[in-house]
Every structure is written in structure tokens, then in C-alpha cells.
Amino acid sequence: MRTVFKTSYDADLGLFVHRYQAFWYFLLLAVAIGLPFVMNDFWIGEVALMLIWAIAGMGLMLLVGHAGQPSLGHAAFMAVGAYTNVILQTSLGWPFLVSFPLSGCAAALAGALLALPTARLHGIYLAIATLAVSILAEDGIVMLAPWTGGVSGIFAPDITIFGVGFNRYVNAPGFYWLTLGVAVLVVLGYRNILRSPLGRSLVAVRDSEISAQATGVNLARTKAVSFALSCGVTGLAGALMGHFAGVFNHETFTIFLSITLLMMIVIGGLGSIHGAFLGAIVITFLPLAISIVREFLNERFGTASVMPPGIETAAFGAILIAFILLEPMGIYGRWVKIRTYFELFPFCRRDMFRRQRGYLRTERIR
Amino acid sequence: MSLLELENVTISFGGLTAVEGASFAVNPGEVFALVGPNGAGKSTIFNLVSRYCNPSGGDIRFEGKSILGCAPHDIPRLGIARTFQNIELFEHATVLQNLLIGRHTHRRSNAISEILHLPGVRAEERRHRLAAEKVIDFLDLQPYRESLILGLPYGVRKVVELGRALAVEPKLLLLDEPASGLSADETDDVAFWIEDIRKVMGITVLMVEHDMGLVNSVSDRVLALADGKTLVIGTPQEVQTDPAVIEAYIGLGDDGAGE
């Protein structure tokens with residue numbers, strides 16, 4: 001266990017707790033930058049997809065994990081980002097560097113607009129309201145066919161920045177580095193939010209609305225800001241997803257995408273940036289792992305009946321149930337437990353992480 | 001001029017009149033206690049001042065201005081901080097974070113500068129931290145600075161909640177049963193803290209308390225309530241010997257009460 005001797009308040013304001021932690025994260029970043037030199041284009045594409053999932057996951061994590069507002073409507077905001085990005089590029093001819101941030105802004109605006117009527121909703125009611133948004137978005141895309149291409153879909157143009165092409169197939173490492181850059185910026189912004197009054201006000205709204213108000217937190221405004229930031233980041237992920245997919249239509253952004261996003265952050269671990277990335281790894285590579293195993297079994301036994309079709313969905317469902325029952329803190333929560341065990345060895349107690357029943361709280365006044 | 005003034009405040013929930021025509025004024029620098037049996041309307045008065053509920057009649061004035069047009073989140077900005085009867089802390093945050101959230105009314109930075117972590121944000125964070133550390137020193141919370149609320153015992157949570165209210169740097173502090181559930185030693189600590197809050201920090205205290213020992217030792221004036229009506233205002237001794245108060249607490253002699 002490393003004891004950090006803090007000599008100034010700035011020690012708590014830094015991005016890293018100590019230099020060794022900084023070293024490991026920079027090493028991780030260096031490895032991530034160097035990946036295209038050791039992986040082929042297919043795998044780099046998959047890692048880029050993982051990063052896109054992670055960006056979307058961070059967006060949702062801010063809302064669900066930190067502000068405590070469940071959302072089943074984030075596919076709609078991915079759609080807003082994806083369509084805004086492509087329409088600005090194809091119809092108005094704006095470059096990616098302009099259309100990409102604007103797609104995030106459009107999604108953020110949509111999120112803030114949703115937060116206005118739903119600011120008074122809590123928990124399951126908010127989930128249902130956002131679920132409706134997700135379903136509406138699907139129909140909306142079809143109805144706005146003149147702009148969105150409706151059922152037949154829309155083609156995402158190639159990304160060109162200062163004459164350099166970032167097509168996923170032609171320049172896979174380029175697209176990957178672009179995604180990595182966006183992901184790193186989002187992580188930095190997220191970390192900055194968490195160490196500032198804004199992040200604390202989100203936590204306040206999550207843990208006790210009544211006492212958040214008693215300390216001067218404006219509930220409606222804080223919820224609107226959290227929705228805007230969350231949806232904005234998810235919109236950015238949607239824009240990247242559009243370029244990754246190349247062509248997309250209303251079926252890309254169904255309610256299942258919303259559920260997958262929510263599942264991802266629950267599996268990864270609610271309330272941590274790590275959780276978004278760990279969940280994204282599971283979401284991206286589990287289908288790959290299943291198909292690799294399936295191919296192996298087919299080769300070995302020469303039959304396709306060993307693993308029935310649709311097993312991915314079943315596997316996802318089983319994993320989600322297992323996590324909720326056995327490890328509600330997600331993969332990251334499990335990692336923290338393992339780390340603590342070794343840090344405190346041999347003094348780690350079994351009850352250290354037992355969830356306690358909270359003391360009685362003031363009857364809610366709403 | 002009195003700091004907080006309630007004038008003929010009435011509130012009813014459905015057919016139940018929780019507070020009826022309450023009128024009293026809290027002077028700057030005093031410790032004012034509300035006492036009364038359960039259901040007398042003490043906490044309801046707190047919730048009225050915190051603007052969690054709207055009175056059906058009357059007026060509440062803070063520093064001479066009516067606060068009935070304020071939203072609950074405007075109240076701490078005016079300089080009124082409160083604690084809750086059953087602790088309402090941010091359970092998945094550390095003690096330090098809880099105290100820092102108490103500094104929210106002193107936030108000057110906006111969301112964009114915070115996302116970019118501009119130098120001004122950092123300078124402000126240092127100031128908030130300094131203020132929070134002063135509260136930690138005052139309440140002896142140093143050992144718990146980095147602990148999550150979830151793992152803390154009840155007594156410490158009670159103190160953290162007092163600390164969060166102090167971090168607001170209020171003019172008026174509303175304490176809803178600051179000694180409930182505390183041991184005799186902890187109650188003594190609370191009594192000392194209330195003395196210091198009044199004398200050293202110059203904060204006026206309005207509190208609800210059942211522990212008459214604490215009320216006697218710290219409060220200047222006491223208001224006794226029963227069934228939503230104000231019975232008597234006076235010094236602790238006057239109130240305790242008032243026949244109406246004795247009747248409200250113990251009842252009249254012939255029904256066998258009076259232990």
C-alpha cells in the first residue's frame with residue numbers, strides 16, 4: 001500500500017494521486033497510441049469501435065452514475081449526433097472539424113430540451129419517459145426522410161482533416177487515432193467535472209435531492225446541465241459511430257442500443273470512468289469471442305448446431321443478470337476489491353465492502 | 001431588527017393543521033429553541049423556513065424581506081443553512097466532499113471553465129478547501145476526512161451534517177434535533193459547539209430539540225409548541241414551569257400521568 005504524503009491542497013486537485021499512477025496511465029496511453037503498429041486493420045477497427053462505445057458510455061455514465069438520473073433514451077441522442085454530423089457535411093458541405101463539435105452541441109441541446117419537462121421525474125418514471133424518447137426518435141428518423149434518408153439510410157462521407165483522409169477502411173490507424181484523441185479529451189473533461197463544484201453538485205443531486213437544495217443546488221438546472229453534457233458526449237460518440245458504420249438508418253438507433261449502453265455501464269461499474277471503458281470492452285469483444293468460439297467448435301465438430309444463433313443476446317442477458325446479482329458494483333468494483341485486498345494484505349476483512357442499510361432518512365418532501 | 005420573523009404562519013396538510021398562526025422572531029446572535037411533543041409542528045416550521053412547503057397563510061421574513069417568493073435552493077444563498085432530523089448526507093461521497101458541497105453557494109466559476117479546469121477554478125477550489133478544512137478543525141473531523149459517509153457511525157454523521165451546514169457560512173443556522181441519538185458525551189460536545197458557533201462565528205441558531213438539558217444549557221429563548229399552536233415564549237426556566245407546557249407534555253393530573 002502506497003501512502004501519499006500530501007503537503008498542499010493541490011495534491012487533491014491533480015489528475016493523478018501520485019507519480020506512479022501517472023506513470024501507469026501514460027504507459028497505457030503510449031500502448032494505445034502504439035497499437036496500430038502491432039495489430040492488423042481489423043483489430044484496430046474493433047478497438048476503435050470499443051473506444052466509440054466507451055465515449056458513449058462516459059456520456060451515459062455522467063448522467064446515470066454521477067447525477068443518478070437513469071436514461072433509456074440515449075440511442076436517440078447518438079442518432080441526433082450521427083445525423084447532424086452527416087447532414088452538416090453532405091448538405092452544407094461543412095468540414096468534419098466543424099460538423100463534429102456541432103453534432104455534440106445539437107445532441108446537448110436536445111438533451112437539455114428533454115430535461116426541461118422531465119426535471120421533476122425520478123427513477124423508474126424518468127426511465128420510462130426517456131424510453132419513450134428512444135422510441136419516438138426511431139419514428140422521427142423515418143418521418144424526417146427528406147433529411148435523414150428514412151428507411152433507406154444515409155451514407156457518412158469520408159472524414160478529411162487538412163487533406164488527410166480518415167476513412168475507416170483506407171486509413172484504419174488514422175480513424176483509430178482520431179477516436180482515441182476524442183476519447184482522451186472526453187476523459188479529461190470528465191475528470192475536470194468530477195474535481196469541480198459541478199461534479200459535486202451532480203453527486204449531491206444523486207444522493208439526496210432534499211439536502212442538495214438545502215446547500216443551494218438548483219435541482220432543475222443541475223439536471224438540465226447533466227442531461228446536456230451527457231447527451232452531448234453521447235452525440236459525439238454517435239457521430240463517430242456514423243463514420244464507423246459508413247451507412248446507417250433508423251434501425252441503427254433502436255431501443256436496443258439504449259439498453260446496450262445502459263447495460264454496458266452497469267457491467268463496467270456505475271460511477272466511475274473506468275467502468276465505461278471496461279463495459280465497452282465487454283460489449284465490443286464478447287460478440288467477437290463468441291463468434292471465435294463458434295467457429296472453433298464448428299471446425300472441431302463439423303456442425304453448426306452446437307451454438308444456436310442468437311446466443312450473443314442470451315450471453316449478454318446472462319452476464320447482466322449475473323452482475324446485478326453477484327457484483328452490483330460492476331467490473332471496476334470487483335477490481336477495487338481485489339486491489340484493496342492486496343494493498344491491505346493480510347488485513348482485508350470480508351465485511352469491508354458489505355453494503356450497509358442506510359439509516360432512516362428524512363421523509364421526502366416533494 | 002430581528003433576523004428571522006414568522007408572522008401568523010399557518011399551514012395545513014389536507015384536514016390537518018400542522019402549524020396554526022405561529023408568530024415569533026429570532027434576534028441576531030441568540031440561540032432560539034423550539035420545543036414541544038411529537039407532532040407539535042416544529043419540523044414543519046423548519047420546512048417552511050427552508051421553503052420545502054408553502055404556508056397557507058402568514059409571512060416569513062429574513063432580514064426584513066419576505067422569503068415566500070424564494071425557491072428552496074435560494075435559501076442558503078440568503079444565509080440560512082440547516083441540518084435534518086434524520087441525517088441527509090451524500091452517502092456515496094467522502095466527508096470532505098460533503099463539506100465542499102456545502103460551499104456550493106460560494107461557487108463563482110461556471111460549467112465551461114470547470115470542464116476546462118481553468119486556473120481560476122483551481123484557485124477557487126483552494127479557497128473552498130481552506131474553508132472546509134476550517135470546519136474540519138472546528139469539529140475535529142480530521143480522522144474521517146477521506147472516509148465515505150456510508151461507513152461512518154451515526155454520531156459522526158450527525159457532526160458531518162453540522163459541518164456541512166457550517167461550510168455554507170450562514171447567518172442563521174437551523175438545527176433539527178442536533179442531539180437526537182447521541183450519547184451524553186456527544187451531546188456535551190454539541191452544546192460546546194453551539195456555544196462556539198454563536199460566540200466565535202457569530203451565527204444565530206434556531207434549533208428543535210427534545211433534550212431539555214441541552215436546551216437549558218445553550219438557548220437564550222425557548223418557544224413551546226403543541227398541536228401546531230404556540231404556547232409560550234420565554235427563557236428555558238419560564239417555559240418549563242409554564243402550566244400550559246406542563247399540560248401539553250404530561251397532561252392534567254386526573255388521567256394518571258405525571259411520572
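Once a new chain begins, its residue numbering starts again from 1 and follows that chain's sequence as written. Written order determines the labels here, with chains lettered from A and ligands numbered from 1. With the structure being a predicted model, the display of local features is reserved for residues of pLDDT at least 70 and the display and counting of side-chain atom pairs for 80 or more, all residues being used for whole-chain, interface and lining totals.

## With respect to the overall build of chain B
Applied cut-off: Under the DSSP-based scheme used, a helix requires at least four consecutive residues in state H or I and a strand at least two consecutive residues in state E, with every element numbered from the N terminus. Radius of gyration means the value over C-alpha atoms here, while the globule rule gives 2.2 Å times the residue count to the 0.38 power. Backbone-placed C-beta atoms define the burial measure: a residue is buried with 20 or more other C-beta atoms within 10 Å of its own, exposed with 12 or fewer, and partly exposed in between. Contact definition: two residues whose C-beta atoms, as placed from backbone geometry, lie within 7 Å.
The secondary structure content of chain B amounts to ten helices and ten strands. Taking 2.2 N^0.38 as the reference for a compact globule, 259 residues should give roughly 18 Å; the C-alpha atoms of chain B span a radius of gyration of 19 Å, in line with that estimate. Projected onto the principal axes, the alpha-carbon positions of chain B cover approximately 70 × 40 × 35 Å. Within chain B, the proportion of its 259 residues that are buried is 45%. Counting only contacts in chain B whose residues sit at least 6 apart along the sequence, the fraction spanning at least 24 positions is 65%.

## Focus: the overall build of chain A
Each helix and strand counted, chain A has 14 helices and four strands in total. Scaling as 2.2 N^0.38, a compact globule of 366 residues should have a C-alpha radius of gyration of about 21 Å, and chain A matches this with 22 Å. The dimensions of chain A, computed from C-alpha atoms along their principal axes, are 55 × 55 × 45 Å. Relative to its 366 residues, chain A shows a buried fraction of 42%. In chain A, the share of contacts with a sequence separation of at least 24, taken over all contacts with a separation of at least 6, comes to 76%.

## Examining the pairing of strand β8 (residues 204-208) of chain B
Residue and element names in this part refer to chain B. Basically, it comes down to this: Each pair of strands is called paired provided DSSP finds at least two bridges between the two strands. Orient the strands so they point away from the viewer, and a crossover whose first-strand-to-second-strand path over the helix runs clockwise is right-handed.
In terms of residue burial, β8 counts as a mostly covered element, since five of its five residues are buried. The alternating pattern of β8 places T204, L206 and V208 and V205 and M207 on opposite faces, both of which are buried. In this structure, strand β7 (residues 172-176) lies alongside β8, joined through five bridges in parallel fashion. What sits directly across from L172, in β8, is T204. With helix α7 (residues 184-199) bridging β7 and its parallel neighbour β8, the resulting β-α-β unit is right-handed.

## Comments concerning helix α8 (residues 197-207) of chain A
Across the eleven residues that make up α8(A), a large majority, eleven, are buried. For α8(A), every residue scored as buried is listed here: A:P197, A:L198, A:G199, A:R200, A:S201, A:L202, A:V203, A:A204, A:V205, A:R206 and A:D207.

## Focus: the confidence of the model for chain A
Cut-off, in case you're wondering: Per-residue confidence from the prediction method is given by pLDDT, with values spanning 0 to 100.
Of all residues in chain A, 94% attain a pLDDT of 70 or more, and the chain-wide mean is 88. Taken as a whole, residues 356-366 of chain A scores under 50 in pLDDT and shows 18 contacts with residues more than four places along the chain or in a different chain.

## Some details on the sheet that holds β7(B)
Hydrogen bonding along the main chain pairs the strands of a sheet, whether they run parallel or antiparallel. Residue and element names in this part refer to chain B. Formally: Convention adopted: a line fitted to C-alpha atoms gives each axis, helices being fitted over their contacting stretch, and angles between N-to-C directions are expressed from 0 to 180 degrees.
If you walk across this open sheet you meet the six strands as β6-β7-β8-β3-β9-β10, and the pairing is mixed. Edge positions in the open sheet fall to β6 (80-82) and β10 (229-234), since each of these has one partner strand only. The sheet shows a mean angle of 15 degrees between the axes of neighbouring strands, direction not considered. Both strand β9 (residues 221-226) and β10 contribute to a ladder of five bridges, which runs antiparallel. Bridge assignment links L225 to a residue of β10, and that residue is T230. The strands touched by α7 are β3 (31-35), β7 and β8; relative to β8, the strand with the most contacts, the crossing angle is about 145 degrees.

## Here's the deal with the domain arrangement of chain B
All names here are of chain B. Heads up, the condition is: Where each domain starts and ends comes from a domain assignment, either automatic or drawn from a database. As a working rule, the residues Ala, Val, Leu, Ile, Met, Phe, Trp, Tyr, Cys and Pro are called nonpolar, Asp, Glu, Lys and Arg charged, and the rest polar, with Gly in that last group.
For chain B, the assigned domains read domain 1 (1-79 + 170-259) and domain 2 (89-168). The straight-line distance from the C-alpha centre of domain 1 to that of domain 2 is 27 Å. The interface of domain 1 with domain 2 comprises nine residues on the first partner and eight residues on the second. Elements with a minimum of two residues in the side of domain 1 that touches domain 2: α2 (75-78) and α7. Partitioning the side of domain 1 that touches domain 2 into residue classes produces six nonpolar, one polar and two charged.

## Here we look at the interface of chain B and chain A
Taken together, the contact pairs 40 residues of chain B with 31 residues of chain A. Looking at the side of chain B that touches chain A, the elements that each hand over two or more residues are α2, α3 (95-101), α4 (111-116), α5 (119-139) and α6 (154-167) of chain B. The residue makeup of the side of chain B that touches chain A, split by class, is 17 nonpolar, twelve polar and eleven charged.

## Considering the environment of B:S66
Residues and elements named next belong to chain B. The residue S66 is located in strand β5 (residues 65-66) in this model. Owing to 12 C-beta atoms within 10 Å, S66 belongs among the exposed residues under this scheme. Along the primary structure S66 and E5 are separated by 61 residues, whereas in three dimensions their C-alpha atoms are 9.0 Å apart. When residues no more than four places from it in sequence are discounted, the contact partners of S66 are D59, I60 and R61.

## With respect to the pairing of strand β2 (residues 16-26) of chain B
All names here are of chain B. Pairing of strand β1 (residues 4-13) with β2, which is carried by seven bridges, proceeds in the antiparallel orientation. Across the sheet, S12 pairs through a bridge with T17, a residue of β2. Count of turn residues in the β1/β2 antiparallel hairpin: two residues, of which G14 carries a positive phi of about 60 degrees.

## Observations concerning α7(B)
Residue and element names in this part refer to chain B. Condition: The length a helix should cover is 1.5 Å for every residue beyond the first. By construction, the arc corresponds to the directions joining the helix axis to the C-beta atoms.
Compared with an ideal rise of 1.5 Å per residue, which puts 16 residues at 22 Å, α7 spans 23 Å between its outermost C-alpha atoms and is within 8% of the ideal. Among the residues of α7, those classed as buried are V190, W193, I194 and I197. All buried residues of α7 lie within an arc of 105 degrees about the axis, which places them on one face of the element. With respect to the buried face of α7, the exposed residues turned more than 90 degrees away are A184, D185, F192 and K199. Contacts made by the buried residues of α7 are with β3, α5, α6, β7, β8 and α8 (212-218).

## Examining the packing of α5(B) against α6(B)
All names here are of chain B. Rule in force here: Here roughly perpendicular refers to angles of 65 to 115 degrees, roughly parallel to angles under 35, roughly antiparallel to angles over 145, and oblique to all remaining angles. Note: crossing handedness is left-handed where the near helix turns anticlockwise from the far helix by less than a right angle, and right-handed where it turns clockwise.
Remark: α5 packs on α6, axes separated minimally by 10 Å, with the N-to-C direction vectors making an angle of 140 degrees. The orientation of α5 relative to α6 falls into the category oblique. Here α5 and α6 pass one another in a crossing that is right-handed. Across the interface between the two elements, A131, A132, V135 and L139 of α5 pack against V159, L162, G163, L166 and A167 of α6. The class makeup of the residues in the contact of α5 with α6 is eight nonpolar, one polar and no charged.

## Considerations on the sheet that holds β5(B)
Residue and element names in this part refer to chain B. Judged by pairing direction, the sheet is antiparallel, and its four strands sit side by side in the order β2-β1-β4-β5 without closing on themselves. In the strand order of this sheet, the two ends are held by β2 and β5, each with one partner. Direction of pairing for strand β4 (residues 57-62) relative to β5: antiparallel, over a ladder of two bridges. Bridge pairing links F62 to K65 in β5.

## Observations concerning the packing of helix α3 (residues 74-90) of chain A against helix α5 (residues 123-143) of chain A
All names here are of chain A. For the pair α3 and α5, the least separation of the axes is 7 Å and the interaxial angle reads 35 degrees. Contacts from A75, A76 and A79 of α3 reach α5 at V133, S134, A137 and I141. Tallied by class, residues from the contact of α3 with α5 come to six nonpolar, one polar and no charged.

## So, the confidence of the model for chain B
Residue and element names in this part refer to chain B. When pLDDT is averaged along chain B, the result is 91; 97% of the residues meet or exceed 70. Mean pLDDT across the elements of chain B bottoms out in helix α10 (residues 243-250) (84) and peaks in β6 (96). Note on the complex model: pTM 0.90, ipTM 0.89.

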